[in-house]
Amino acid sequence: MRLMRVLCIVLTIGSTVCRAQAGLGAATVVGAVFKGLEDLAKQLEDSAHSLLQAGNAYAGQQQLTLAATIRATLEESRATFKDSLQDLDTTLAGQRRSSFDSLKALLQQADQLRGKISCDMTDSILLVSGQANVVLGRLPLTSHPPIFFGILPRDPACSRNEAADIVLTGFYLADAKLKAYPPVVVIDGVQIPAKNISTRFDRVAVVLPDELRARLDFRAGGCNRPKPYRIELKTYWTNWPSLVGINKLFVNESSFSDFAKSGRQQYDVLVRLDAANKTSTPAKGTFRVGSGSRNWGCEENVTALATFTARQPGAVIDAGVKGKWNMNGKWENNTPGDVLINGATVTSTGRVRGANRIDYLLKKDCPGGGNGEYFLSGSFTYPVASEEPIRPVDTQIYSNTLDEDLAVSLKLGATTLPKNLHIELRKHNCGELVDSLDLALNDDKNSRREGTSKNSKFKVIFDAGGQVKIQGTNSLEH
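Residues numbered from 1 in each chain as written. Predicted model: local features only at pLDDT ≥ 70, side-chain atom pairs only at ≥ 80, totals over all residues. Heavy atoms only, no water.

Quick look at the overall build of the protein chain now. Within the protein chain, the regular secondary structure consists of six helices and 26 strands. Excluding contacts between residues fewer than 6 apart, the proportion of contacts in the protein chain whose partners are at least 24 apart in sequence is 71%. For the protein chain, the exposed surface amounts to about 23,800 Å²; the carbon and sulfur share of it is 50%. (Helix = DSSP H or I, 4+ residues; strand = E, 2+ residues; numbered from the N terminus. Contact = heavy atoms within 4.5 Å. Areas by Shrake-Rupley, 256 points an atom, 1.4 Å probe, with all protein chains shown as cover.)

This is the structure we're talking about:
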């Protein structure tokens, strides 16, 4: 997700010190780790609120749970290190040093969120939650009351093989010494049977009864918006395990409640390219052009230039062009000139000599001149361009990762003329059209085109070579 990448800057700033020091064995300022975790929690909360305002409830809920995990760990740890924030960790010893090393590991683990999308976030949150439990378990506390971090509903859009529908995370949620007092979970007013609940120290996993699952609608997509439901958790703990068997008054009870959604709205994206295939077939043309009339007298040499240029684009003069005089009167000789062809142009110069004078004793007589025209004739070949529509090929994307920009590569051949790019965004398992866009490409596959959908839900960029990017879908309601 784009927002997750932004907050990773904070993660990196906070964790770079930890990684360097852990690798080199150098000292770390205690307060720097606390500051890194505080900044991270704040960034997660800000990001979560932005996502919630944009309608992306599922991703926002994930980040709130992660922020709550970090904040709870910080608050419990603060008293232990309040007098050492300006010190180097090398001054710590014993249990305090062990606890601080666990805090550093928590910050490092949070850094692994870099590049995660929402389907990966569940695993990441559980890992961070586990590390938070390590930190809290090592703190020199006199009492260990349960701490509730948050809720992780199963996301039906993610290809994950999860047995539990809902996981509640926290610290000390189940006390192994109080097997007679298992956690009690009530969801949407229904108490979950004990057989549907599995517990660990840091989590309570719930498999919903079929009737409740159907009511909460844990399917991926659909036309109905995911509705919030209330989750109540009651846990039991004790500081006097040896006295529990004597009187239940030594058993403490903690209650937590929160709201969750049964997944998120899913979308389908349709990308359709309307295009044509440019074809070319050869065609023939003929020509006969003259030089214009020429006159000559006795023993006069005359030249005549004939030229022709084919006007059709891509035309080429064929071989075999002939030059020939068409003459009247008298002449001594005539010769067709050399034919010079240069692409679509051909030229030739003809020559003629008038008749010789005739000698009559002491007098020369000219029996007359003549006139004529020099002609060129031949053929040429030129391409005739045409377009054959290409049957549109739809690219269908099941949008289980609409938290990120979508990239589509369209196959465009050397002779492909792209006409229009059509994109539809519909609700998954519903078909309801959310938004659409038609982007004119004007037969140009090498120039960038940009457009915004009709309802401004997304933006599309078409780049050279058929590279399509769909942006802004992370702000859609999830």
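There's plenty left to go through after this.
Within the open sheet, the four strands sit side by side as E21-E26-E25-E24. Their pairing is antiparallel. For this open sheet the edge positions go to strand E21 (406-409) and strand E24 (449-452), each flanked by a neighbour on one side alone. Across the sheet, the mean angle from the axis of one strand to that of its neighbour is 15°, orientation sign disregarded. (Pairing = 2+ DSSP bridges. Axes fitted to C-alpha atoms, helices over the stretch in contact; angles between N-to-C directions.)

The next thing to look at is the environment of Leu249. Within the element layout of this structure, Leu249 appears in the loop between strand E7 (228-237) and strand E8 (252-261). A sequence separation of eleven residues divides Leu249 from Thr238, and the C-alpha atoms of the two residues are 9.6 Å apart.

The next thing to look at is the state of the cysteines. A full pass over the atoms with the stated rule returns one disulfide. Each sulfur in the disulfide pair Cys298 and Cys366 lies 1.6 Å from the other. The sign of the S-S torsion, about 85°, decides the handedness of the disulfide formed by Cys298 and Cys366: right-handed. Taken together, the positions of Cys298 in the loop between strand E10 (294-296) and strand E11 (301-309) and Cys366 in the loop between strand E18 (363-365) and strand E19 (370-390) put the pair 68 residues apart, joining distant regions of the chain. (Disulfide = S-S within 2.5 Å.)

Let us look at the packing of aromatic side chains. What the rule picks out here adds up to 13 aromatic pairs. Pairwise contacts between aromatic rings join Phe287, Phe308, Phe380 and Tyr382 into one cluster. Its guanidinium or amino end placed over the ring of Phe375, Arg288 lies 3.9 Å from that ring's centre, counting from NZ or CZ. (Phe/Tyr/Trp six-rings, centres within 6.5 Å; stacked < 30°, edge-to-face > 60°. Lys NZ or Arg CZ within 6 Å of the ring centre and 35° of its normal.)

What follows concerns the nonpolar core. One finds Leu37, Ile70, Phe81, Phe100, Leu103 and Phe149 to be the most contacted residues of the largest nonpolar core, which totals 35 residues. Only helix H2 (30-53), helix H3 (57-81), helix H4 (94-111), helix H5 (118-138), strand E1 (147-153) and strand E2 (166-171) provide two or more residues apiece to this core. (Core = buried A, V, L, I, M, F, W, Y, C linked by side-chain atoms within 4.5 Å. Buried < 20%, exposed > 50% of the residue type's maximum accessible area, 1.4 Å probe, protein only.)

Looking now at unusual backbone geometry. Located in the positive-phi region is Asp188, a residue other than glycine, with phi close to 50°. Position of Asp188 among the secondary structure elements: in the loop between strand E3 (184-187) and strand E4 (190-191). The class for Asp188 is partly exposed, based on a relative accessible area of 32%. Although it is not a glycine, Asn442 sits at a positive phi angle of roughly 55°. Topologically, Asn442 is positioned in the loop between strand E23 (433-440) and E24.

The next subject is the pattern of salt bridges. According to the stated counting rule, one finds 22 salt bridges in the structure shown. With a shortest N-O distance of 2.7 Å, Asp39 and Lys35 are connected by a salt bridge. With a gap of four residues between them, Asp39 and Lys35 both fall in helix H2, about one helical turn apart. With relative accessibility at 31%, the residue Asp39 sits in the partly exposed group. Exposure remark for Lys35: the relative accessible area of 44% places this residue in the partly exposed category. Among the ionic contacts, a cluster of salt bridges with common partners joins Arg448, Glu450, Lys459 and Asp463. (Salt bridge = Lys/Arg side-chain N within 4 Å of Asp/Glu carboxyl O.)

Moving on to the sheet that holds E2. In spatial order, the strands read E1-E2-E6-E5; together these four strands make up an open sheet with antiparallel pairing. Single-partner strands in this sheet number two, and they are E1 and strand E5 (197-200). Strand-to-strand twist across the sheet, computed as the mean angle between neighbouring axes with direction ignored, equals 15°. As defined by bridge partners, E2 adjoins strand E6 (residues 203-206) across four bridges and the pair is classed as antiparallel. Within E6, the position partnered with Ile166 by the bridge is Val206.

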